[in-house]
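Structure assessment
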Amino acid sequence: MPISLRRLLVALTLCCALTAGATACGSGSDDAVSAASTPSATHSVDRQKLAKTRFVANAGLAAGATYQWIVKPWKAGKFKKGAHGRKLALVKAALAGGFAYNRLKAAHRNAEGDPTLSKALAPLTAGIDSLKELPSKLRKGDNPDGVAGDYNDIINKVKDAGKSAGAEVKDKVPSTSQLTSGS
């Protein structure tokens with residue numbers, strides 16, 4: 001396959017993935033955001049089966065994507081202006097950012113199904129919600145070093161909260177298909 005055709009296919013695939021990721025995030029109502037920011041007691045009806053296991057899996061995928069495509073390139077200086085491969089690194093980071101946000105929201109829903117985890121994650125709700133805007137900031141190039149640091153901080157806080165609740169989170173790098181599909 002000629003190089004130009006290959007680049008075209010890669011660019012088209014990434015554009016489709018970014019569009020799908022942006023539309024998957026969507027915007028919820030303000031009522032849902034305000035309700036999510038106030039912790040509530042978990043009733044036995046609201047409990048999920050295997051809530052801790054699901055939390056660990058979702059948070060691990062978010063942590064793995066963040067480390068692989070945001071933190072590692074950030075530490076390697078790939079986000080700095082003039083760096084070789086900067087545009088591709090920023091596109092991958094934006095995809096990983098949307099994926100991490102999606103998985104952290106799922107992990108938060110899982111945590112609500114377990115009383116111990118819900119208490120540990122209640123203070124992190126606002127931090128997870130703040131990640132929603134970061135993929136667009138990465139795509140625009142608005143202070144990518146600060147954005148990468150924000151992702152890293154939130155992921156570490158989620159890991160610490162899980163560990164304190166007895167659900168240790170380990171990084172699990174998602175496959176490319178998981179990354180592009182958002183789940």
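Quick notes on the rules
- Residues numbered from 1 in each chain as written.
- Predicted model: local features only at pLDDT ≥ 70, side-chain atom pairs only at ≥ 80, totals over all residues.
- Heavy atoms only, no water.
- Salt bridge = Lys/Arg side-chain N within 4 Å of Asp/Glu carboxyl O.
- Helix = DSSP H or I, 4+ residues; strand = E, 2+ residues; numbered from the N terminus.
- Buried < 20%, exposed > 50% of the residue type's maximum accessible area, 1.4 Å probe, protein only.
- Polar contact = N/O pair within 3.5 Å; in protein donor to acceptor, adjacent residues only side chain to side chain.
- Axes fitted to C-alpha atoms, helices over the stretch in contact; angles between N-to-C directions.
- Parallel < 35°, antiparallel > 145°, perpendicular 65-115°, else oblique.
- Left-handed = near helix turned anticlockwise from the far one by under 90°.
- Nonpolar A, V, L, I, M, F, W, Y, C, P; charged D, E, K, R; others polar.
- pLDDT = per-residue confidence, 0-100.
- Core = buried A, V, L, I, M, F, W, Y, C linked by side-chain atoms within 4.5 Å.

- An unreviewed UniProt entry lists the chain under the name Secreted protein, with Streptomyces doudnae given as the organism.

Concerning the pattern of salt bridges
- As enumerated under the stated definition, the model contains one salt bridge in all.
- A salt bridge links Lys159 to Asp171, with the shortest nitrogen-to-oxygen separation between them at 2.6 Å. Taken together, the residues span a long stretch of sequence, with Lys159 in helix 8 (residues 144-164) and Asp171 in the loop between helix 8 and helix 9 (176-181) at a distance of twelve residues.
- Taking the relative accessible area as the measure of exposure, Asp171 reaches 38% and is therefore partly exposed.

Concerning the side chain of Asn58
- Mapped onto the fold, Asn58 is located in helix 3 (residues 51-75).
- Overall, the relative accessible area of 11% leaves Asn58 in the buried class.
- A distance of 2.7 Å separates a polar atom in the side chain of Asn58 from a polar atom in the side chain of Arg103.
- Side-chain polar atoms of Asn58 contact the side chain of Asn110, separated by 2.6 Å.

Examining the packing of helix 3 against helix 4 (residues 86-112)
- In the contact formed by helix 3 and helix 4, the axes pass within 8 Å of each other and the chain directions differ by 165 degrees. Between helix 3 and helix 4, the angle falls in the class roughly antiparallel. You can see that helix 3 and helix 4 cross each other, and the crossing is left-handed.
- Split into classes, the residues belonging to the contact of helix 3 with helix 4 amount to 17 nonpolar, four polar and three charged.

A word on the confidence of the model for the chain
- Mean pLDDT over the chain works out to 75, with 69% of the residues at or above the 70 mark.
- Element-level pLDDT for the chain is lowest in helix 2 (residues 30-37), with a mean of 43, against a maximum mean of 90 in helix 3.

Re the nonpolar core
- Among the nonpolar cores identified, the biggest contains 38 residues, and Phe55, Leu104, Leu131, Tyr151 and Val158 are the most heavily contacted of them.
- Those elements that provide at least two residues to this core are helix 3, helix 4, helix 5 (115-121) and helix 8.
- Considering each element in turn, this core owes the most residues, eleven residues, to helix 4.

Concerning the environment of Lys170
- Residue position: Lys170 is located in the loop between helix 8 and helix 9.
- Accessibility expressed as a relative area gives 59% for Lys170, which makes it exposed.
- Lys170 sits 111 residues away from Ala59 along the chain, and the two C-alpha atoms are 8.1 Å apart.

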